[in-house]
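# Observations on chain architecture
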Amino acid sequence: MNQHFLYTLIAYISWGLLPLYWKALRHVPAKEILCNRVLWSAFFLFLIIVFLKRAGDLKKVFQNKKKIVAVISCGLLVSLNWFVYIKAVNDGNIIATSMGYYINPLFSILLGVVFLKEKLNNAEKVSIVFALSGILYTAWHYGTIPVISIVLASTFSIYGLIKKKNNIDSIISLAAETLIIMPVFAAIYFHIIKNEQVFIFNNMKIFLLLAGSGAITAIPLFLFGKGVKGIRLSTAGFLQYIAPSIALLIGIFIYDENFKKTEVISFGLIWTGLLIYSVSSVLKFRPQE
């Protein structure tokens, strides 16, 4: 098996299994988990940068005013994404997070049209119609917009758009993002410790899980960064559906979340859109005979 493919596969499987990790911290408030994830991620990513001898690349990001604005924006977006994801998982909404990451590629297409003036082919137009139909069907049936799914998809899509426009390496970018927002979250965590009950000091298991949030954030990203450079774009496109698929199965079969007729129809519409989009992408990037 190609090592680049293996790295990318492991990264997506790791992301798919994340709900199990956050569920182990279900009794800890999402805001405390988020503070720990930001602080420990900044620490762990900085160690990786030093190990890879790329401190110079990190320094260049902080010396570029345009990239600093991009890094701050990305830091805020990824923090919101992480918070919504963690809270959703621990509130019993894993399936909603899965939907969010299924529709994320199609949100990215829309952003490309709006901000990068990209043109849609007919297959991409049809795929977006199917995905929007799935979202609207859920909204119609339950009488409420699937906020979790839309927030996750939109924040991650905008995050990806900013990174694309500023062309910053993934590891360097996330290290810069977490380092630049670290003081804010350190202050928030200090306030929480001073005024509320905190769980990090309850027992060694919780401490290790919270401290480990840095590693489980950085390692899959590191593997993804190494792997995606050596595989075809169409292959990466298919692999990205592994994570939400694993999360969906975890939500249904481990935590008994609701997946009945409404969910089958809405996910079926989204999956149809993704299938059309994926086949179109493969044909688009297939070498000509």
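In this text, all values refer to a predicted model and were calculated from it rather than measured experimentally.

### Notes on the nonpolar core
Among the nonpolar cores identified, the biggest contains 50 residues, and W22, L25 and I33 are the most heavily contacted of them. A total of 10 residues in this core trace back to one element, the largest contributor, which is helix 4 (residues 65–90). The contacts of L25, once residues within four sequence positions are left out, are I33, N90, I206, L209 and L210. Judged by nonpolar contacts, the second largest core, of 18 residues, contains M99, L106, I252 and L274.

### Examining the packing of helix 5 (residues 94–116) against helix 6 (residues 122–142)
Any two packed helices are characterised by how steeply their axes cross, that is the angle between the axes, and by the distance between the axes. At a closest axis distance of 10 Å, the pairing of helix 5 and helix 6 adopts a crossing angle of 135 degrees. Comparing their axes, helix 6 and helix 5 come out oblique. With respect to the hand of their crossing, helix 5 and helix 6 are arranged in left-handed fashion. Where helix 5 abuts helix 6, its residues M99, I103, L106, F107, I109 and L110 lie against S127, I128, A131, I135 and T138. Of the residues contributing to the contact of helix 5 with helix 6, the split by class is nine nonpolar, two polar and no charged.

### Some words on a nonpolar patch on the surface
On the surface, I13, L17, L20, L249, F253 and I254 cluster together to form a nonpolar patch covering roughly 550 Å² of accessible area. Breaking the nonpolar patch down by element, the ones donating at least two residues are helix 1 (3–23) and helix 11 (242–254). Inspection of the secondary structure puts I254 in helix 11. For I254, a relative accessible area of 47% puts it in the partly exposed group.

### Things to note about helix 11
Taking 1.5 Å per residue, 13 residues should reach 18 Å; helix 11 reaches 17 Å between its end C-alpha atoms and fits that length. One or two steps after helix 11, the chain reaches D256, where phi turns positive at roughly 50 degrees.

### Describing helix 4
In this model, helix 4 (26 residues) spans 38 Å end to end at C-alpha, consistent with the 38 Å of a helix rising 1.5 Å per residue. At the N-terminal boundary of helix 4, the capping side chain belongs to N64, with an oxygen 3.0 Å from the backbone nitrogen of K66. Looking at the residues trailing helix 4, positive phi occurs at G92, about 85 degrees.

Conventions we followed
- Residues numbered from 1 in each chain as written.
- Predicted model: local features only at pLDDT ≥ 70, side-chain atom pairs only at ≥ 80, totals over all residues.
- Heavy atoms only, no water.
- Core = buried A, V, L, I, M, F, W, Y, C linked by side-chain atoms within 4.5 Å.
- Buried < 20%, exposed > 50% of the residue type's maximum accessible area, 1.4 Å probe, protein only.
- Helix = DSSP H or I, 4+ residues; strand = E, 2+ residues; numbered from the N terminus.
- Contact = heavy atoms within 4.5 Å.
- Axes fitted to C-alpha atoms, helices over the stretch in contact; angles between N-to-C directions.
- Parallel < 35°, antiparallel > 145°, perpendicular 65-115°, else oblique.
- Left-handed = near helix turned anticlockwise from the far one by under 90°.
- Nonpolar A, V, L, I, M, F, W, Y, C, P; charged D, E, K, R; others polar.
- Patch = residues over 30% accessible without salt bridge, like charges linked within 9 Å, V, L, I, M, F, W, Y side chains within 5 Å.
- Areas by Shrake-Rupley, 256 points an atom, 1.4 Å probe, with all protein chains shown as cover.
- Salt bridge = Lys/Arg side-chain N within 4 Å of Asp/Glu carboxyl O.
- Expected span 1.5 Å × (residues − 1).
- Polar contact = N/O pair within 3.5 Å; in protein donor to acceptor, adjacent residues only side chain to side chain.

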